[in-house]
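Here is how the chains run, residue by residue.
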Amino acid sequence: QVQLVESGGGLVQAGGSLRLSCAASGRTFSSYAMGWFRQAPGKEREFVAAISWSGVGTYYADSVKGRFTISRDNAKNTMYLQMNSLKPEDTAVYYCAARKLAIVANTEARYDYWGQGTQVTVSS
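Described in the following lines is the structure provided in the data block.

About the criteria used
- Residues numbered from 1 in each chain as written.
- Predicted model: local features only at pLDDT ≥ 70, side-chain atom pairs only at ≥ 80, totals over all residues.
- Heavy atoms only, no water.
- Phe/Tyr/Trp six-rings, centres within 6.5 Å; stacked < 30°, edge-to-face > 60°.
- Helix = DSSP H or I, 4+ residues; strand = E, 2+ residues; numbered from the N terminus.
- Buried < 20%, exposed > 50% of the residue type's maximum accessible area, 1.4 Å probe, protein only.
- Contact = heavy atoms within 4.5 Å.
- Pairing = 2+ DSSP bridges.

1. Things to note about the packing of aromatic side chains
For step 1, the next point in the chain: With the rule as written, the count across this model stands at five aromatic pairs.
For step 2, the next point in the chain: Both rings, one in Phe 37 and one in Phe 47, keep their centres 5.6 Å apart while their planes meet at 75 degrees; by these two values the pair is edge-to-face. Placement of Phe 37 in strand S4 (residues 34–39) and of Phe 47 in strand S5 (residues 46–51) is noted, with a sequence separation of 10 residues between them.
For step 3, the next point in the chain: The exposure class of Phe 37 is buried, given its relative accessible area of 1%.
For step 4, the next point in the chain: Overall, Phe 47 belongs to the buried group, its relative accessible area being 11%.

Here it is, written out as structure tokens:
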């Protein structure tokens, strides 16, 4: 089993920054890609960013490109999402996810494990 736990969410004013972390525990895979998704109230979960197992391949949603940076530390079994220049529209519950393959993916269905989510609220 693989368990994912997000942390780092909170309240921040527009233009501010937050760093989210996702710690993986349990029976991890030798190589697996990870990603971040978010879900605002009344909306479907949407893709934010993804990173390959090696950390070389990254992919961002257009809405966050240039503002967010995804990274991972496999030795610590942890993935990060550095969020800068936050906007009110970034307000959502952020979820980390992992897939059994090493290559990035931006579709929810391609991920196998999910965290519980962490709330990010950006005030205007």
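2. Observations regarding the environment of Val 12
For step 1, the next point in the chain: Among the structural elements, Val 12 can be located in strand S2 (residues 10–13).
For step 2, the next point in the chain: By relative accessible area, which is 12% here, Val 12 ends up buried.
For step 3, the next point in the chain: Residue contacts for Val 12: discarding those within four places in its chain leaves Ser 17, Leu 18, Leu 86, Thr 121, Val 122 and Ser 123.

3. Looking at the pairing of strand S7 (residues 68–73)
For a regular strand, the rule is simple: side chains alternate between the two faces of the sheet.
For step 1, the next point in the chain: Burial along S7 is one-sided: the residues Phe 68, Ile 70 and Arg 72 are buried and none of Thr 69, Ser 71 and Asp 73 is.
For step 2, the next point in the chain: As paired strands, S7 and strand S8 (residues 78–83) are joined by six bridges and run antiparallel to one another. If you follow Arg 72 over to S8, its bridge partner there is Met 79.
For step 3, the next point in the chain: Linking two consecutive strands that pair antiparallel, namely S7 and S8, is a turn of four residues; a positive phi of about 55 degrees is found at Asn 77 within it.

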